[in-house]
Amino acid sequence: MKLQSKIQKQGNSAGVLVPASMLKAMNIGVGSDIVLNMTNDGLLIVPAKKRFTLEQLIAQCNPKGKIPTDLQLFETALPVGKELI
């Protein structure tokens, strides 16, 4: 998708007007975090990757859920190096 836009003054900075159709296509909106990258072709704007806190990650876990098979092996694995027990 290629659209033309304008740069407008916003205080001591400048803002780029992004059409709603592009915001929707990128699954972002007003207030979304973005990353600006300078490339040989110009300015590349991409959505920032969401960073989760430990609390948010733990909140997604089911404490009564079944432990995946590959992780069950850690329960019975013997030390092979200088691991602390």
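Here, the structure is the one placed above.
Presented here is an overview of the structure given in this document. (Residues numbered from 1 in each chain as written. Predicted model: local features only at pLDDT ≥ 70, side-chain atom pairs only at ≥ 80, totals over all residues. Heavy atoms only, no water.)

Digging into unusual backbone geometry
If a residue is not glycine, its phi is most likely negative; likewise, a peptide bond is most likely trans. Operational definition: Each residue gets one of three labels from its accessible area relative to the maximum for its type: buried under 20%, exposed over 50%, partly exposed in between, using a 1.4 Å probe on protein chains only.
Notably, N27 is not glycine yet its phi reads approximately 60°, a positive angle. According to the relative accessible area criterion, N27 is exposed, its value standing at 72%.

Structural notes on the pairing of strand β2 (residues 13-16)
Sheet faces and side chains relate simply in a regular strand, where the side chains alternate between the two faces. The condition is simple: Paired strands are those between which DSSP finds at least two bridges. We count a stretch as a helix when DSSP gives it H or I for four or more residues in a row; a strand needs E for two or more, and each element gets its number in order from the N terminus.
Examined bridge by bridge, strand β1 (residues 7-10) and β2 share four bridges and lie antiparallel to one another. What sits directly across from I7, in β2, is V16. Here β1 hands over to β2 after two residues, with G11 in that stretch at a positive phi of 65°.

Here's the deal with the layout of surface pockets
Selection rule: Put plainly, a pocket is an open set of points on a 1 Å grid over the protein atoms alone with protein on both sides within 12 Å along at least five of seven lines, a cavity is a set where a 1.4 Å probe fits but cannot get out, and a lining residue has an atom within 4 Å of a point. Grid points are joined across faces, edges and corners, and a volume is the space filled by probe spheres set on the points. Nonpolar residues are Ala, Val, Leu, Ile, Met, Phe, Trp, Tyr, Cys and Pro. Charged residues are Asp, Glu, Lys and Arg, and all others, Gly as well, are polar.
In this structure, the largest pocket encloses a volume near 510 Å³. Around the largest pocket, the lining comprises 23 residues; the ones closest to its centre are V16, V18, L23, I34 and I45. Broken down by secondary-structure element, the contributors of at least two residues to the lining of the largest pocket are β2, α1 (20-26), β3 (34-39) and β4 (42-47). Of the residues in the lining of the largest pocket, the class split is 16 nonpolar, six polar and one charged. Of the volumes computed, that of the second largest pocket is approximately 210 Å³. Contributing to the lining of the second largest pocket are I7, V16, L43, L44 and I45. By residue number, the principal contributor to the lining of the second largest pocket is β4, which donates three residues. Of the residues contributing to the lining of the second largest pocket, the split by class is five nonpolar, no polar and no charged.

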